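# Descriptive structure summary
Given next are the chains, with one letter for each unit.
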Amino acid sequence: MKNTERFASTALIVGFFLVWELACIAFGISEIVLPRPSQILMTLIERWPALVPHTVQTLYTTLVGFALGVGIGVVIGMIIGSSRVAYNVAFPLLVGLSSIPKVAVVPIFVLWFGAGTVPAVLTAVVISIFPVVVNVATGLATTEPELEDVLRTLRASRTDILFNVGLPRAMPYFFASLKVAVTLAFVGSVIAETVAGNRGIGNMMLIASANFNVPLTFAGLFILAAMGIGLYLIFAAIEKRVTGWANRKAELAMG
Amino acid sequence: MTMAAERTAIPSPPGAIAPTESLSRPLIQIEDVSLTYGRGEREVQALSRTSLDVPNGDFVALVGPSGCGKSTILKIVAQLLSPSEGHVFVVGREIGAVAIRIGMAFQNPTLLPWLSIRDNVMLPLKISQPFRRDWRRKKNGEYRDRAEALLAKVGLSGFAGHYPWQLSGGMQQRASLCRALVHEPTLLLLDEPFGALDQFTREELWDVLQALWMEQKPTVLLVTHDLRESAYLANRIVVMSARPGRIIVDERVDYARPRSIETTFRPDFVELNHRLRSLIFEARAAGPGAVPAGAAA
């Protein structure tokens, strides 16, 4: 990103909150409807000690669910992507399962495991599996046969081909899916906390809104946004380091 | 015999060819090989009962119109395809039963984009025996030096750490030649390796390949549709007819090496090209492939 673009996008974010703040004052909007960003920030600071356990809980369920989801997703993706037949056979089922709204499975998890941490983790798992499976499988299945031929003329085994061509080739797809999956994992755990939790940001926001404590509800939203952005940035940075080759810069290439 | 003596620098892999065997048998024997793609209505016969012997140390160019099955022969020898009928023997034994080291370069450089040029060139040492067993120990020493020495020979000494996309097409193809030769293969298979390059780069790379071949002396099967290229590089030119491919000419080329661009202006070189061209043209017009040749285009 160029410096001017970076400046413009920062200005846009600052401007967004400024317009929000000023609009609330200008139109005399009550804090019960839409609190001002400054009020939300104040609430965040005042109630911080009480908010920490909820934040930790949500981060914990999200990360555990995300890690399990990615692990399972990679294995399934490798199996499906390793052969053209498996890919074609399994894809319709996969699309079907992934199009189920994941909110709908929360009541089932609550039925099986009771309210609390387990359904939140499981919802995060289910919601983050699919992007990983689809991307890893697609990355493997679209490997250029010419690149595999290079290895096959060297009498490489299927495992050699997988580790030297298939998996490195699928890495950009995998990391693209991680960025999607980590934000989705948050959606999963917060939904479960809202529906059937006794802790976590989702649960806290539900209770705050029931008490008409709107600034606190919005404070929860801010925490979620901050955690989501943080994790996204971490995975984007790792992606850049590991798969820099896929984002080739034209100006470095020679004629 | 002298060739065999020169090539003892590398320990032979288990199941490698005994020197006596290599003298009595051609390295590659292709016998009555046919290959059919597809089924029923869509059936396409790429090769029809083709036979070809390639003695050890020979440099054979396979020339013919596109779609004549010359690349198919190469892929069968590389075991990327299995023939529908017929047999391929390597030093007298069915292909697959004998482990010979093969190096292959394709029309596209096919370098792995996530590896540096150096690591791309070292790939055969990582995968194929006997180098593989010492990979961990030698990858930062001997193997690395070997890859860099080879890169220097093709004029890429400063580019070992670059990534493929940072290099031009001609430079990538040089690196691809290095990768095909780094493990000193017994058999070098080249599938139109210079087909996508401009004339000047192509002629430069002919000399690069010739120099590398004169040094290592592998047996070479070169597929090309460029007659000048085949006459410049090969010891023997095999011309194939249009689909289904049959061999119509098998001719030796005896110009002294190293050949240079000057060789291509000699009257007998021009005459040879002329004669081969008219033979291909006749085969196209009169042969069984007369219609498919047009249809395949």
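Residues numbered from 1 in each chain as written. Chains lettered and ligands numbered in written order. Predicted model: local features only at pLDDT ≥ 70, side-chain atom pairs only at ≥ 80, totals over all residues. Heavy atoms only, no water.

Within chain B, the secondary structure is distributed over 11 helices and 10 strands. Expressed as a percentage of its 297 residues, the buried residues of chain B come to 53%. Across chain B, every contact between residues at least 6 apart in sequence was considered, and the portion connecting residues at least 24 apart equals 72%. (Helix = DSSP H or I, 4+ residues; strand = E, 2+ residues; numbered from the N terminus. Buried < 20%, exposed > 50% of the residue type's maximum accessible area, 1.4 Å probe, protein only. Contact = heavy atoms within 4.5 Å.)

The next point concerns the UniProt feature "transmembrane region" (unreviewed entry) in chain A. Residues and elements named next belong to chain A. Residues annotated in UniProt with the feature "transmembrane region" (unreviewed entry) correspond here to residues 12-34, 59-81, 93-114, 120-142, 173-192 and 212-238. Helix makes up 100% of residues 59-81 and strand 0%. Its end C-alpha atoms lie 31 Å apart. Span residues 173-192 is 100% helix and 0% strand, its end C-alpha atoms 28 Å apart. (UniProt positions renumbered as here; feature names shortened; annotations may be inferred.)

Let's shift gears to the interface of chain B and chain A. Quite often, the size of an interface is put as the accessible area lost when its parts meet. Chain B puts 29 residues into the contact, and the matching count from chain A is 22 residues. Together, the buried faces of chain B and chain A total about 2300 Å²; carbon and sulfur atoms form 68% of this surface. Summed over the three residues of chain B that lose the most area to chain A, namely Trp114, Ile127 and Trp165 of chain B, the buried surface amounts to 33% of that side. Connecting chain B to chain A are one salt bridge. A salt bridge links Asp160 of chain A to Arg132 of chain B; the shortest N-O distance between them is 2.7 Å. Along the contact surface separating chain B from chain A lie four residue pairs in polar contact (both at pLDDT 80 or more). For the side of chain B that touches chain A, the elements supplying multiple residues, two or more each, are β6 (102-105), α4 (117-127) and α7 (169-181) of chain B. For the side of chain B that touches chain A, the leading source of residues is α4 of chain B, giving four residues. Grouping the amino acids of the side of chain B that touches chain A by side-chain chemistry returns 19 nonpolar, seven polar and three charged. (Buried area = accessible area lost by both parts, 1.4 Å probe. Salt bridge = Lys/Arg side-chain N within 4 Å of Asp/Glu carboxyl O. Polar contact = N/O pair within 3.5 Å; in protein donor to acceptor, adjacent residues only side chain to side chain. Nonpolar A, V, L, I, M, F, W, Y, C, P; charged D, E, K, R; others polar.)

This paragraph deals with the packing of α7 of chain B against helix α8 (residues 199-216) of chain B. Residue and element names in this part refer to chain B. The geometry of α7 relative to α8 is characterised by a closest axis approach of 11 Å and an angle of 15° between their N-to-C directions. Classed by the angle they form, the pair α7 and α8 counts as roughly parallel. In the packing of α7 onto α8, the handedness of the crossing is right-handed. Listed contacts from α8 to Gly170, Gln173, Arg174, Leu177 and Leu181 of α7 are Thr201, Glu204, Leu205, Val208, Leu209, Leu212 and Gln216. Of the residues contributing to the contact of α7 with α8, the split by class is six nonpolar, four polar and two charged. (Axes fitted to C-alpha atoms, helices over the stretch in contact; angles between N-to-C directions. Parallel < 35°, antiparallel > 145°, perpendicular 65-115°, else oblique. Left-handed = near helix turned anticlockwise from the far one by under 90°.)

Another point: the pairing of β6 of chain B. Residue and element names in this part refer to chain B. Of the two faces of β6, the one lined by Ile102 and Met104 and the one lined by Gly103 and Ala105 are each fully buried. By the bridge criterion, four bridges tie β6 to strand β7 (residues 187-191) in an arrangement that is parallel. Each residue of the ladder has a partner; that of Ala105, found in β7, is Leu190. (Pairing = 2+ DSSP bridges.)

Here the focus is the sheet that holds strand β5 (residues 93-94) of chain B. Residue and element names in this part refer to chain B. Read across the open sheet, the four strands follow the order β2-β1-β4-β5; overall the sheet is antiparallel. The open sheet terminates on both sides in strands that have one partner only, identified here as β2 (44-54) and β5. Pairing between strand β4 (residues 85-90) and β5: two bridges, direction antiparallel. Pairing of Val90 across the sheet is with Arg93, part of β5. Each of β1 (28-37), β2 and β4 touches helix α3 (residues 70-77); the most contacted strand, β1, lies at about 115° to it.

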